[in-house]
Amino acid sequence: MFFFVLFSLARFGLNIGFLDRPLVIGMIWAAVTGHWETALPAAVFFELFFLDLFPIGTYIPPHGPFALLTTLALAHTFDISQPPAIFMLMLLCLPMAFLGSKLEHAHRRRQNVEYTRMLLSTRSGREHSVAMSSLVGKSFFPLCMLNLVVFVLVMALLVPLTDWLLHHVRGRVLVLPITWPMIWMLGTIGALLSLRSRRVYAILLVAVFLAGGIYWVNVM
């Protein structure tokens, strides 16, 4: 919970460099827990997958740290280290990135109202003005509490769901020939999309069809 609150604030609340990037978060998690073999590979996937989406202007990108930290928390809780099983957790936690951005958007809209109120209070004829420190406090601390509560609720839902999945489909998932290089190749879709080149998009589409055709021939 502490990690999630801290890294979430690094997105918009505190400007402290690359602390909100999945790769940096994965390195810190691995250094604290010692799970280098799971934290770094998962972080590389999310870093690549969301590479095309970054904050410009008023756009709020998907909350990559949310998806990564829920994945790592579940892997740590259930002592999972096999790539196929972790990939299942990553797919399960991927929607959390979009949930996190929706919550940040709602929080920003609320703060826009507070900011407008502060501007109006500074006009001449107003008896009392809203201090900037008060505005920062109203934005900073509610965001911390929001992140904390949401993370706890999400984990309360994901833990029993993951437990059910592991009991029913873990055996089938572990026999899948899924390796970290394959997962990273899937994540590079985000990196390729960030190039903003139609030629790259066309090559990617052709490669997907060729890979699908080769797989179909081998299966048949």
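Keep in mind it's a predicted model, so treat the numbers as computed, not measured. (Residues numbered from 1 in each chain as written. Predicted model: local features only at pLDDT ≥ 70, side-chain atom pairs only at ≥ 80, totals over all residues. Heavy atoms only, no water.)

1. Overview of the overall build of the protein
Note the cut-off: Put simply, DSSP H or I for four residues or longer makes a helix, DSSP E for two residues or longer makes a strand, and each gets a number counted from the N terminus. Under the scheme applied here, a residue whose accessible area is under 20% of the maximum for its type counts as buried, over 50% as exposed, and between as partly exposed, the area being computed with a 1.4 Å probe on protein chains only. Note on definitions: a residue-residue contact is assigned when non-hydrogen atoms from the two residues lie within 4.5 Å. The Shrake-Rupley method, run with a 1.4 Å probe sphere, supplies the accessible areas, and residue values consider only the shown protein chains as cover.
Along the protein, the regular secondary structure elements total nine helices and zero strands. Element order for the protein, N to C, with α for helix and β for strand: α-α-α-α-α-α-α-α-α. In the protein, buried positions account for 37% of the 220 residues. A separation of at least 24 residues holds for 76% of the contacts in the protein among residues at least 6 apart in sequence. Total accessible area on the protein stands at roughly 13100 Å², and carbon and sulfur atoms take up 70% of it.

2. Considerations on the UniProt feature "transmembrane region" (unreviewed entry) in the protein
Just so we agree on the cut-off: UniProt positions are given in the numbering used here, feature names are shortened, and annotations may be inferred rather than shown by experiment.
Sequence positions flagged by UniProt for "transmembrane region" (unreviewed entry) are, in local numbering, residues 12-32, 39-60, 80-100, 140-161, 173-193 and 200-217. Spanning residues 80-100, this segment combines 81% helix with 0% strand, and its end C-alpha atoms are found 24 Å apart. Between the first and last C-alpha atoms of residues 173-193 the distance is 29 Å; the span itself is 76% helix and 0% strand.

3. A few points about the packing of aromatic side chains
The description of two aromatic rings rests on the distance between their centres and on the angle between their planes. Selection criterion: Each pair of aromatic rings taken from Phe, Tyr and Trp, with Trp reduced to its six-membered ring, is defined by centres within 6.5 Å and is described as stacked if the planes are under 30 degrees apart, edge-to-face if over 60, and tilted in the remaining cases.
Going through the model one piece at a time under the given rule, you end up with seven aromatic pairs. When the ring of Trp180 is compared with that of Trp184, the centres are 6.4 Å apart and the planes differ by 20 degrees; the resulting orientation is stacked. Taken together, the residues span about one helical turn, with Trp180 and Trp184 both in helix α8 (residues 180-193) at a distance of four residues. Among the aromatic side chains, those forming a connected cluster through ring pairs are Phe45, Phe46, Phe49, Phe50 and Phe98.

4. A closer look at helix α3 (residues 36-49)
Keep this limit in mind: For a helix, the expected span equals 1.5 Å multiplied by the number of residues minus one.
When the terminal C-alpha atoms of α3 are compared, their 20 Å separation across 14 residues agrees well with the 20 Å that a helix rising 1.5 Å per residue should span. Within α3 the residues assigned to the buried category are Thr38, Ala39, Pro41, Ala42, Ala43, Phe45, Phe46 and Glu47.

5. Topic: the nonpolar core
Rules: What makes a nonpolar core is a set of buried Ala, Val, Leu, Ile, Met, Phe, Trp, Tyr and Cys residues whose side-chain atoms join them at distances within 4.5 Å.
Ranked by internal contacts, the top residues of the largest apolar core, which has 41 residues, are Phe46, Leu68, Leu74, Ile80, Met90 and Ile183. Excluding residues within four positions of it along the chain, Met90 makes contact with Ala42, Phe45, Phe46, Thr71, Trp180 and Ile183.

6. Observations concerning unusual backbone geometry
We note that Asp79 has phi near 55 degrees; this positive angle belongs to a residue other than glycine. Considering the arrangement of structural elements, one finds Asp79 in the loop between α4 (64-77) and α5 (83-93).

7. Some remarks on the environment of Val175
As for its position among the elements, Val175 is in the loop between α7 (132-174) and α8. As a C-alpha pair, Val175 and Pro84 span 91 residues in sequence and 8.0 Å in three-dimensional space.

8. A short note on the packing of helix α2 (residues 22-33) against α4
Note the threshold: As a rule, the C-alpha atoms of each element are fitted with a line to give its axis, helices using only the stretch in contact, and angles between N-to-C directions run from 0 to 180 degrees. Small angles under 35 degrees read as roughly parallel and large ones over 145 as roughly antiparallel, with 65 to 115 read as roughly perpendicular and the rest as oblique. For a crossing to be left-handed, the near helix must be turned anticlockwise from the far one by less than a right angle; the clockwise case is right-handed. Residues are grouped as follows: Ala, Val, Leu, Ile, Met, Phe, Trp, Tyr, Cys and Pro are nonpolar; Asp, Glu, Lys and Arg are charged; all remaining types, including Gly, are polar.
The N-to-C vectors of α2 and α4 enclose an angle of 25 degrees; their axes lie 10 Å apart at closest approach. One finds that α2 runs roughly parallel with respect to α4. Judged by the twist between their axes, the crossing of α2 over α4 is right-handed. Of the residues in α4, those touching α2 at Pro22, Ile25, Gly26 and Trp29 are Pro65, Leu68, Leu69, Leu72, Ala73 and His76. When the residues that make up the contact of α2 with α4 are grouped by side-chain class, the tally is eight nonpolar, two polar and no charged.

9. A closer look at the pattern of salt bridges
Operational definition: Basic side-chain nitrogens of Lys or Arg form a salt bridge, by our definition, when they fall within 4 Å of a carboxyl oxygen of Asp or Glu.
Under the counting rule described, the total for this entry stands at one salt bridge. Taking the shortest distance from any N to any O, the salt bridge between Arg21 and Glu47 comes out at 2.9 Å. Taken together, the positions of Arg21 in the loop between α1 (2-12) and α2 and Glu47 in helix α3 put the pair 26 residues apart, joining distant regions of the chain. Accessibility expressed as a relative area gives 21% for Arg21, which makes it partly exposed. Here Glu47 falls in the buried class, since its relative accessible area comes to 14%.

10. With respect to α5
α5 sits mainly inside the fold: nine of its eleven residues count as buried. When α5 is considered as a whole, its buried residues turn out to be Pro84, Ala85, Ile86, Phe87, Met88, Leu89, Met90, Leu92 and Cys93.

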